[in-house]
Amino acid sequence: MKTHARVIVIGGGAVGCSALYHLTQLGLTDVVLLERDELTAGSTWHAAGNCPNFSTSWNVIKLQRHSTRLYSTLAEKVGYDINYHVTGSVRLAHTRDRVDEFRHVVSQAHAQGIEFEMLSPAEIVERHPFVDTTGILAGLYDPYDGDIDPAQLTQALAKGARDAGAKIYRGTKVTSIERLPSGEWRVHTDKGTIQAESVINAAGYRGGEIAAMVGEYLPIVTLSHQYLITEDIPALVERGDARLPLLRDPDVSYYMRQERQGLILGPYEWQATAHWLDRIPDEFANQLFDDDLGRLEQYIEAACERVPILGTAGVKKVINGPIPYAPDGNPLIGPAPGLPGFYHCCAFTFGIAQAGGAGKIIAEWVAHGQPEWDVWPLDSRRYLEFANDKFVLAKAIETYQHEYGIGYPAEERAAGRPAKTSPAYLRLAAKGAKFGARGGWERAVYFPKAGDPTEPEASFRRPAWHKAIERECEAAEKRVAVLDLPGFTKFEVTGAGAPAWLDHMVAGVVPKPGRTALNYFLNDKGGIVTEMTLTNLGDGRYWLISAAAGEKHDEHWLREHLPADGSVRIDNVSARYGSLIVVGPKSRELLSQLTRADLSNAAFPWLSVRTIDIGYTKAVALRVNYVGELGWELHVPVEHVLSVYDLIWAAGEPLGIADYGLYAMDSLRLEKCYRAWKGDLTTEYTPFMASLDRFVKLDKPGGFIGQAALQREAAAGPKERFVPLIVEATDADAAAVSIVYDGDTQVGLVTSGGYGYRLKQSIALAYVRTDLAVPGTVLYVEILGERRRAVVGKEPLYDPDNLRLRG
Amino acid sequence: MRASRITYVGELGWELYLPAEHCLDVYEQLLEAGAPLGLAHAGYHAMGACRVEKGYKHWSHDIGDEDTPLDAGLGFTVAWDKPGGFVGRDALLAQKAAGPLRRRLVQVMLEDASDTAPLLYHEEPIVRDGVIVGSIRSGAWGHRLGRSIGMGYVSCDDGVAADWLASGRWEVEVACRRHPCRVQLQPWYDPRNERIRS
């Protein structure tokens, strides 16, 4: 075995081999793959091998389409035959919501240049002559879907990598991993020791074992998934070489495809079954679990009714194999914080369909320090410290049960909750608040009242809770409203080097003492890594505040850029302070009753910070908010949150105070055109594309990360610009990743949308071609298959001169 | 979370240290798991009574800057020979060298086993053979013992030794009345820590 390599990949399934292959394609050929058993011995060899492009997630579509494109040329490119049938696929919709979902996904696919089609029941039968379309409203056709032989795919990737210089050591089990003082990684195996700059954990369901060797916990659990293969079916034998398209019936929850002259049927059953909760048996490889067809009975019956030829042949074989699940069923791809050079690329539930795209992403992480695409929903850092075995199990089972659930724009699923609660949680719950979990934190999303409509809870159209949001927005606009917002990510930055370091980290200006400013952290390509409120507390302390879900991501970015001389110190104080947001024209009148601090414009202007007394504590009070009204964010020690909330409520009652939730906040921020991190702002966009020019000090003397890239972009002019659109919508607003058209030409993409209750207009925030980013330009947004007139507005749409914020 | 197998009440148990934001969830799980086992809530006063039965000291009541670990029977917490030394070591060594301890914390139990026995609060005089030799620092009704109990410091110029404690006629004065009592160095409840170690 070699003793040194540039990169070591641990795990020889489809994903590990794809990672190895993609590394070689990026020119990293001094690479090694270690496989404890044989290639494919984990979850790859028994996979059904389906290769869909469909997903309700923009990122997953992108990743899977990379796979199918790669697979269609791989055999020829590397000289290794692969049985890959591009049969296309048909999905069935039984309900109107499913039709809405299909329309939305078709639009997403079109935006990526993938020709999905909606099908009428008659067109479904044209594609798949054996489907009984009774009760079916519509179908979706994915022309690039198909099935591939997982073992051949893996071998082909391995051959392509080997031919380029990679080495693969089978029967080589990793026993421990150590980090050397030089920063290199030393991997110990039962066949010897090897060192490398970088390590990729592609160990599939054993990904957690590998992570534990470097002291990290990865949220992975093993579930079993079964599919059955029938004997030959006479009707298919008669068709000869013609192959049926894949069939997916998500409202019942199964897939079905042709395998030789028989069919494969694979249900995602409600009785999801977990395995190996204590530990994974060391000797398990190339094995299956015992059949358990009882779990599938009702699905088999439903499938036989839908496709009667299924019932004309007996079952030849049942495959029941282990599949890794992260809580949301998406893989864990990305760098391990605090472990430079160590990466994860594991927990693939759909590893065959995703191996191609995943290999590209992880190879780019290693070779370039960042991937071309922003794939945050797949990033291993999305799970915060609290995610443990119990959480993973609860969430993974729920995900398995909903594997074919409808991907609504907003839905709060119940498993694994409540995990983190604010002291005011029970108070809000007693008022009937509906909650959603963000970074594990329970936050109120809305407050229903008696008499509000109750259905539908989730929809691509405006759901029942829009009545509640309207009420909450009105309180913020006309009176005063309060939001308990626990879990804001908060870092306290101190030290002699802090001002200069912060200045280098952000594109904008570090605020003066007592002031606060929104700031953008860029990568060296100018892409937006994160957005934080930077506050200068005036006593040598700086606070950085960002999204709850970004805690691990943001801390990683900050710490990996800390100067080595110890002149800057970062403390994560996220859980030590709760946040109460008080907004509305009467917010000053309210808070003045609770503090002796002067809240006047002269003493406490917009975008400033003061430490004020309130209740029995002190609050770091910021005169900023995300809704565009007069208001304050109060950050108080967590143990005081309930008492301060109660004081605010008592003082607010005579003023007509109302609670508001995240859904109302989202509506209000759309009207102000405030961007949302990882929705509107990703690494694929620069601040100039995001129309955030006013937050960039391009000629900052000390420079900043991304400055050179932005200077180049400024000279050339950005290709796209972020604009608000006023949409002539009916009962459905633009969901994220809706397409923007100029006539029949795609000219942009919506990144968030919704209804604005103060403006009484449907709003979309979108990136459009720069020449069209002019107020008054008439464009069209595709919403659930229909193009709606949309006029480019001037931001902010609401209160354009910020008079209310300054009020 | 961090679980410590320690106790301030003298029973088998754990103290769970967890992030504040997870308390509600964990608390509700404890209630659920504890319901079939007869889990009950206990408050601060119950904790106080239990700790007095176990002779556990309370900072500012039983131990303060006028009391040394040796006085308080806490000599087992002193790492005499640790390499870096510690603040106060010289004073403790001097006290040790000066002979038998002349002042020690003792556990007190009233002889009156009825439920009308007076309660001890603090500063009640402790009397040996008619002479006041100390006073109560904390007291409680010991619900597990069914007795009125307390603890306090007593002094003797010749040293507070076991035979001196065993030989006298002991009383506690409560509201100008003297009540016969017993005194000893070890706790009244589970002196061998069998419950804690179970």
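Rules behind the numbers
Residues numbered from 1 in each chain as written. Chains lettered and ligands numbered in written order. Predicted model: local features only at pLDDT ≥ 70, side-chain atom pairs only at ≥ 80, totals over all residues. Helix = DSSP H or I, 4+ residues; strand = E, 2+ residues; numbered from the N terminus. Buried ≥ 20, exposed ≤ 12 C-beta atoms within 10 Å, placed from the backbone. Contact = placed C-beta atoms within 7 Å. Domains from an automatic or database assignment. Pairing = 2+ DSSP bridges. Axes fitted to C-alpha atoms, helices over the stretch in contact; angles between N-to-C directions. Expected span 1.5 Å × (residues − 1). Nonpolar A, V, L, I, M, F, W, Y, C, P; charged D, E, K, R; others polar. Core = buried A, V, L, I, M, F, W, Y, C linked by C-beta atoms within 7 Å.

Helices and strands together make up the secondary structure of chain B, namely 4 helices and 8 strands. Starting at the N terminus and ending at the C terminus, chain B contains elements arranged as β-β-α-α-α-β-β-β-β-α-β-β. Each of the three principal axes of chain B carries a C-alpha extent, and together these read 55 × 55 × 25 Å. Counting the 198 residues in chain B, one finds 23% classified as buried. In chain B, the proportion of contacts linking residues at least 24 apart, taken out of those at least 6 apart, comes to 66%.

Let us look at the overall build of chain A. When you go through chain A residue by residue, the secondary structure sums to 18 helices and 38 strands. Along the first, second and third principal axes, the C-alpha atoms of chain A reach 85 × 65 × 55 Å. Taken over 807 residues, chain A has a buried fraction of 54%. Partitioning the intrachain contacts of chain A with sequence separation of at least 6 by distance along the chain shows that 73% fall at a separation of at least 24.

With that out of the way, let us pick up the environment of Leu 218 of chain A. Residue and element names in this part refer to chain A. You can see Leu 218 is positioned in the loop between helix H6 (207-213) and strand E12 (221-230). Considering only alpha carbons, one finds Leu 218 and Leu 662, 444 residues apart in sequence, at a separation of 29 Å. Setting aside chain neighbours within four positions, we find Leu 218 in contact with Gly 207, Gly 208, Ala 211, Leu 332 and His 344.

Turning our attention to the domain arrangement of chain B. On domain assignment, one finds that chain B holds domain 1 (2-41) and domain 2 (52-184). When each unit is reduced to the centre of its C-alpha atoms, the spacing between domain 1 of chain B and domain 2 of chain B is 32 Å.

The next thing to look at is the sheet that holds strand E38 (residues 786-792) of chain A. Residue and element names in this part refer to chain A. An order of E33-E36-E35-E34-E37-E38 is seen for the 6 strands of this closed barrel, with the pairing classed as antiparallel. Strand-to-strand twist of the sheet, defined as the mean angle between neighbouring strand axes without regard to direction, takes the value 40 degrees. Bridge count for strand E34 (residues 739-742) against strand E35 (residues 745-756) is 4 bridges, and the pairing is antiparallel. Bridge pairing links Val 740 to Gly 748 in E35. Sheet contacts for helix H17 (residues 662-672): E35 and strand E36 (761-769); angle to E35, the most-contacted strand, approximately 130 degrees.

All names here are of chain A. Between its first and last C-alpha atoms helix H5 (residues 150-163) spans 20 Å; for 14 residues at 1.5 Å apiece the expected length is 20 Å, and the two agree. In this fold, the buried residues of H5 make contact with helix H1 (14-25), helix H2 (58-78), strand E7 (147-148), strand E8 (167-169) and helix H9 (351-368). Positive phi appears at Gly 165, one or two residues downstream of H5, with a value of about 120 degrees.

With that settled, consider the domain arrangement of chain A. Residue and element names in this part refer to chain A. Structurally, chain A comprises domain 1 (4-325) and domain 2 (719-807). Each of domain 1 and domain 2 has a C-alpha centre, and the two are 38 Å apart. If you look at the interface, domain 1 gives 10 residues, while domain 2 gives 9 residues. Each residue belonging to the side of domain 1 that touches domain 2 can be placed in one class, and the counts come to 4 nonpolar, 4 polar and 2 charged.

All names here are of chain A. Burial runs high along strand E4 (residues 89-93): 5 of the 5 residues are buried. Sheet analysis places E4 next to strand E13 (residues 246-249), joined by 3 bridges and oriented parallel. What sits directly across from Arg 91, in E13, is Arg 248.

Time to look at the sheet that holds strand E24 (residues 516-522) of chain A. Residue and element names in this part refer to chain A. Read across the open sheet, the 5 strands follow the order E24-E25-E26-E23-E27; overall the sheet is antiparallel. Every interior strand has two partners, whereas the edge strands, E24 and strand E27 (569-572), have only one. Strand after strand, the sheet turns through a mean of 30 degrees between neighbouring axes, direction not considered. Alignment of E24 against strand E25 (residues 528-536), held across 7 bridges, turns out to be antiparallel. Within E25, the position partnered with Asn 519 by the bridge is Met 532. Lying on the sheet, helix H13 (residues 498-505) is in contact with strand E23 (489-494), E24, E25 and strand E26 (542-546); it crosses E23 at an angle near 130 degrees.

The subject of this paragraph is the nonpolar core. With 249 residues, the main nonpolar core has Ile 8, Ile 200, Ile 362 and Val 582 of chain A as its most contacted residues. Counting residues per element, this core draws most heavily on H9 of chain A, which supplies 9 residues. Counting residues domain by domain, this core receives three or more from each of domain 1 (4-325) and domain 2 (719-807) of chain A. In contact with Val 582 of chain A, other than residues within four places in its own chain, are Val 480, Val 482, Ser 587, Leu 590, Leu 591, Gly 631, Trp 632, Leu 634 and Ile 648 of chain A. Core analysis: the second largest hydrophobic core is formed by 23 residues, Val 106, Leu 120, Val 160 and Cys 181 of chain B among them.

Take the pairing of strand E14 (residues 254-259) of chain A next. All names here are of chain A. Of all 6 residues in E14, 6 are buried, a share of seventy percent or more. Of the two faces of E14, the one holding Tyr 254, Met 256 and Gln 258 and the one holding Tyr 255, Arg 257 and Glu 259 are both buried throughout. Between E13 and the antiparallel strand that follows it, E14, lie 4 residues; Ser 253 among them carries a positive phi value of about 95 degrees. Here 6 bridges tie E14 to strand E15 (residues 262-267), and the two strands are oriented antiparallel to one another. What sits directly across from Arg 257, in E15, is Ile 264. What sits between E14 and E15 in their antiparallel hairpin is a turn of 2 residues, with Arg 260 showing a positive phi close to 50 degrees.

This paragraph deals with the environment of Glu 197 of chain A. All names here are of chain A. Relative to the elements of secondary structure, Glu 197 occurs in strand E11 (residues 192-201). According to the C-beta neighbour criterion, Glu 197 is partly exposed, with 18 such atoms within 10 Å. The sequence separation of Glu 197 and Leu 63 amounts to 134 residues, and the corresponding C-alpha distance is 26 Å. Not counting residues within four places of it along the chain, the set of residues in contact with Glu 197 comprises Arg 6, Val 7, Glu 184 and Gly 341.

With glycine set apart, most residues show a phi of negative sign, and most peptide bonds adopt trans. Of note, the amide linkage connecting Arg 417 of chain A to Pro 418 of chain A takes the cis form, showing an omega dihedral of -5 degrees. Structurally, Pro 418 of chain A can be placed in the loop between helix H10 (389-401) and helix H11 (425-430). Geometrically, the link from Glu 795 of chain A to Pro 796 of chain A is a cis peptide bond, its omega value of -10 degrees lying close to zero. Among the structural elements, Pro 796 of chain A can be located in the segment after E38. In this model, Val 737 of chain A sits at a positive phi of 55 degrees, which is unusual for a non-glycine residue. Tracing the sequence through the fold places Val 737 of chain A in the loop between strand E33 (720-727) and E34. By the C-beta count within 10 Å, which is 22 here, Val 737 of chain A ends up buried. Of note in the backbone geometry, Asp 129 of chain B takes a positive phi value of approximately 50 degrees without being a glycine. Residue placement: Asp 129 of chain B occurs in the loop between strand E4 (125-128) and strand E5 (131-142). By the C-beta count within 10 Å, which is 10 here, Asp 129 of chain B ends up exposed.

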